[in-house]
Amino acid sequence: MKPLIDVRGRPLLLWIGIAAIAVALIALPFVLSMVGTTWVRIANLAVLYVLLALGLNIVVGFAGLLDLGYIAFYAVGAYVYALLASPHFGLHLPFWIILPIGAAVAALFGVLLGAPTLKLRGDYLAIVTLGFGEIVRIFLNNLSQPVNITRGPQGIAQIDPFRIGPLDLSTTDRVLGVVISGPMKYYWLLLAVMVVVILINVRLQNSRIGRAWEAVREDETAARAMGIDTTAVKLLAFAMGASFGGIAGGMFASIQGFISPESFVLVESIMVVAMVVLGGMGNIWGVILGAVLLSFVPEILRWTVAPFQNALFGKQLVEPEVIRMLLFGLALVLVMLFRPAGLLPSSVRQRELAGEEAR
Amino acid sequence: MDIFVQQLINGLTLGAVYAVVALGYTMVYGIIQLINFAHGEVVMIGAMVAFTVINLLAAGGLPPLAVVLIGAACAIPVCMLVSYTVERLAYRPLRRAPRLAPLITAIGVSIILQHLAMLVWSRNVLAFPQIIPLKTFHFLGATVTGVQLTILGICAAIMCGLAALVYRTRLGRAMRATAQNPQVAGLMGVDINRVIASTFVIGAALAAVAGVMVGTYYGVAQYTMGSILGLKAFAAAVLGGIGNVPGAMVGGLLLGVVEALGAGYIGDITDLCRYGPLARAIGERCADGGHFVLFGSNYQDVFAFVVLILVLVFRPSGLLGERVGDRA
């Protein structure tokens, strides 16, 4: 049994750096709330996107399977949470029961999607997963009849916040004279979950399964010849990626307090793909960078470009939402054209993409 | 029976449009094995350009047919130019890259085109002006509109024209040669870059016509119309066997019919009150001719995806396609 993280041979400076980053991340909401609570919420969404991107990275980056319907698992997790903790069915289970259920149901969906389709070639698989994502959304939109399960396009409201004993994560508290708002508490919870997920990812990548994924990604035929059960390994990637998506979805539902199928459209899937691709498929730190960049930059643009336009033209010429989407599109195209391995490439992936043909 | 014929005709009309769009997917895939994700957006741009022109000319007193034709004539070159630019800038540099790279690029291009269109035309729905007199014909108890007949006629003409182009002309032969083996075709003196660019441009011209047709059929056009239409057309191309020109035509028509019949009948089929024991189990909601419909016609958009998944799982080569060896 190896230690969780190999401490040997790491200079003291590295540990000081890590500690500094940790302190900065923990203190971040205090700084952000000085600018406005909105920014704490934006930071929360950014961490959620990091979780999603890390989950998708298992499928796309580690195992090399392009999944264009990843948001469906996010949706499954969110709806599981909403159904089990809202007045809609009158159920109010605690979150530490629901989140594992959500993860399990999402993983089940991952297997359901993966089992029949994983033998398909990469680009076909991408389209099938895209179709799957749309099917899930259409069902969420229409499962209000004949029995009202999802409330259709109206969505489910008044979803319970997380409660740990007497601590309610949605309310504002005053601790030692310091105001601690709901979003800030959620931020620390998300941060903790993110650290756990990152650790799992790091450990996964260098594990037996991680190496099997890499082998399958590089050359499936050769991997099978080496005795890897390629179908099982790929299914596992789908299921694990999906369960991370499910957990992120559950947290999303609880933070927002309201969900509807509108939140789980195709564009969201593509956004997460864009984060993984921009950061560097297969590199955990790259993927995190991609998710943070693509979450924050559009928001910063939203707050700077709009006043700028108003000052220059006297009216809003280009909506911030459009700028955001154009940014995502450009990120995908430009990265593929000029830096196919992403901003922070993974060493293996770099070698692979430098070659003329991957297989 | 009337409903059946009516749905069949509606399905064939829409299916013919799917087929024309699917041709664009299938030709590109056949030659460079790229799922041109942005093709649906080219259809949308065609519809938007044509609608803008048609709305400008609507008050001018020209005959309606001439107005629509001028609209299409403006849309075709725009779409050709867009598609050529995209191929030149975004796809050509990636021709030797691993397969997923151009696919990801194509997704990015599709987002960019869609939102550029939003910048140009805003979020508003463009309506088709009421200039075409509503002519209807009756056929086996069903009603066929003049627009439907025109769409069917144009699609038939396009398909024949394209078949002639691919199998009877010099360019078509070059396209087929490039599809089989680009390197060898290049050695034989085929200018591959020109052939691939022509394929994109021809597909874009078809997309423009399809956009005009589908816009005229529904009476509206919006910047979001391209993605779902593109996906359905891609499903049609896969159903027929991607890379196969006759396959795209068969697949398109078939998918249109499946969708129309499916949407028309799924409500009746999944009405649990029709089945004795189940109806008794449900009890009061079935009493007095009540319904307990599991899946209504609002699931129409699901059919294309279900067909797509079933075909890819059970017969990835499609109805008319050849077996694809490479599954890595």
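In this convention, every chain numbers its residues from 1, walking through the sequence in written order. Lettering of chains starts at A and numbering of ligands starts at 1, both following the order in which they are written. Where local features are concerned, this predicted model is filtered to residues with pLDDT of at least 70; where side-chain atom pairs are given and counted, the filter is 80 or more; whole-chain, interface and lining totals use all residues.

Section: the overall build of chain A
We apply this condition: Numbered from the N terminus, helices here are DSSP runs of H or I no shorter than four residues, and strands are runs of E no shorter than two. Here the globule rule is a power law, 2.2 Å times the number of residues to the power 0.38, and the radius of gyration is based on C-alpha atoms. Buried residues are those with 20 or more other C-beta atoms within 10 Å of their own C-beta, exposed residues have 12 or fewer, and partly exposed residues lie in between; C-beta atoms are placed from the backbone. Two residues qualify as being in contact provided that their C-beta atoms, derived from the backbone, are within 7 Å of each other.
When its secondary structure is counted, chain A shows 13 helices and 6 strands. Its C-alpha atoms give chain A a radius of gyration of 21 Å, within 12% of the compact-globule value 21 Å for 359 residues. Seen through its C-alpha atoms, chain A measures out along the principal axes to roughly 60 × 60 × 55 Å. Within chain A, the proportion of its 359 residues that are buried is 48%. If you take every contact in chain A between residues at least 6 apart in sequence, the share linking residues at least 24 apart comes to 74%.

Structural notes on the overall build of chain B
Scanning chain B from terminus to terminus reveals 12 helices and 4 strands. Relative to the 2.2 N^0.38 estimate, which gives 20 Å for 328 residues, the radius of gyration of chain B is 21 Å and therefore close to what a compact globule would have. In terms of principal-axis extent, the alpha carbons of chain B reach across some 75 × 55 × 40 Å. Every one of the 328 residues in chain B was classed for burial, and the buried ones make up 49%. For chain B, the share of sequence-separated contacts (at least 6 apart) that also reach a separation of at least 24 residues comes to 77%.

Quick notes on the packing of helix α9 (residues 225-240) of chain B against helix α12 (residues 300-314) of chain B
Residues and elements named next belong to chain B. Here is the rule: Under this scheme, a helix contributes an axis fitted over its contacting stretch, all axes are lines through C-alpha atoms, and angles between N-to-C directions fall in the 0 to 180 degree range. Each crossing gets its handedness from the near helix: less than a right angle anticlockwise from the far helix is left-handed, clockwise is right-handed. Side-chain classes follow a simple rule in which Ala, Val, Leu, Ile, Met, Phe, Trp, Tyr, Cys and Pro form the nonpolar group, Asp, Glu, Lys and Arg form the charged group, and the remainder, Gly included, forms the polar group.
In contact at an axis separation of 9 Å, α9 and α12 are set at 35° when each is read in the N-to-C sense. In the crossing of α9 with α12, the sense of the turn from one axis to the other is left-handed. Contacts between α9 and α12 involve Ile228, Leu231, Lys232, Ala235, Val238 and Leu239 on the former and, on the latter, Asp301, Ala304, Phe305, Val307, Leu308, Val311 and Leu312. Each residue belonging to the contact of α9 with α12 can be placed in one class, and the counts come to 11 nonpolar, no polar and 2 charged.

Things to note about the interface of chain B and chain A
In this assembly, 39 residues from chain B lie in contact with 40 residues from chain A. Elements supplying a minimum of two residues to the side of chain B that touches chain A: α4 (100-121) and α12 of chain B. When its residues are assigned to classes, the side of chain B that touches chain A shows 29 nonpolar, 5 polar and 5 charged.

Some remarks on the pairing of strand β3 (residues 142-145) of chain B
For a regular strand, side chains alternate in direction, first toward one face of the sheet and then toward the other. Residue and element names in this part refer to chain B. The condition is simple: If DSSP finds at least two bridges between two strands, the strands pair.
Here strand β2 (residues 136-139) pairs with β3 via 4 bridges, running antiparallel. Across the sheet, the residue bridging to histidine 138 is threonine 143, located in β3. From the end of β2 to the start of β3, which pair antiparallel, there are 2 residues, and leucine 140 there has a positive phi angle of about 50°.

Some details on the confidence of the model for chain B
Fine structural detail should not be taken from predicted coordinates in areas where pLDDT scores are low. Where we set the bar: pLDDT is a residue-level measure of predictor confidence that goes from 0 to 100.
When the pLDDT values of chain B are averaged, the result is 85; 95% of them are 70 or greater. Under the prediction, the complex receives an ipTM of 0.83, its pTM being 0.86.

Let's talk about the confidence of the model for chain A
With 92% of its residues at a pLDDT of at least 70, chain A reaches an overall mean of 84. Within chain A, no element has a lower average pLDDT than helix α13 (residues 347-354) of chain A, which sits at 59, and none a higher one than helix α3 (residues 71-84) of chain A, at 92.

Considering the environment of glycine 280 of chain A
All names here are of chain A. With respect to the secondary-structure elements, glycine 280 resides in the loop between α10 (266-279) and α11 (284-313). Note on glycine 280: 26 C-beta atoms within 10 Å, which makes it buried. For the pair formed by glycine 280 and leucine 45, sequence separation is 235 residues and the distance between their alpha carbons is 21 Å. Dropping the residues within four chain positions of it, glycine 280 is found in contact with Gly286, Val287, Ala341, Gly342, Leu343, Leu344, Pro345 and Ser346.

Brief notes about helix α2 (residues 39-57) of chain B
Cut-off, in case you're wondering: By this rule, a helix spans an expected 1.5 Å times one less than how many residues it contains.
For α2 of chain B, which comprises 19 residues, the first-to-last C-alpha distance of 27 Å matches the rise-based estimate of 27 Å (1.5 Å per residue) to within 8%. Counted residue by residue, α2 of chain B has 15 buried out of 19 residues, so it is predominantly covered.

Some points on α10 of chain A
Spanning 14 residues, α10 of chain A covers 20 Å between terminal C-alpha atoms, matching the ideal 20 Å at 1.5 Å per step. Counting buried positions along α10 of chain A yields 12 of 14 residues, so the element is predominantly enclosed. For α10 of chain A, the secondary structure elements touched by its buried residues are α2 (37-62), α3, α5 (122-142), α11 and α12 (320-338) of chain A together with α4 of chain B. Trailing α10 of chain A by a residue or two, glycine 280 of chain A shows a phi angle of about 130°, which is positive.

What to know about unusual backbone geometry
With phi around 55°, glutamine 158 of chain A is a residue other than glycine that occupies positive phi space. Summarising the element assignment, glutamine 158 of chain A is placed in the loop between α5 and β3 (163-164). The exposed category is assigned to glutamine 158 of chain A, around which 11 C-beta atoms lie within 10 Å. At serine 122 of chain B, a position not held by glycine, the phi torsion is positive, near 60°. As for its position among the elements, serine 122 of chain B is in the loop between α4 and β1 (126-127). Assessed through the 12 C-beta atoms surrounding it within 10 Å, serine 122 of chain B is described here as exposed.

Observations concerning the environment of glycine 251 of chain B
All names here are of chain B. Mapped onto the elements of the fold, glycine 251 is located in helix α10 (residues 245-269). Exposure remark for glycine 251: the 32 C-beta atoms within 10 Å place this residue in the buried category. Between the alpha carbons of glycine 251 and valine 166 there is a distance of 18 Å; along the sequence they are 85 residues apart. The contact partners of glycine 251, leaving out residues within four places of it in the chain, are Ala22, Ala236, Ala237, Leu239, Gly240, Gly318 and Leu319.

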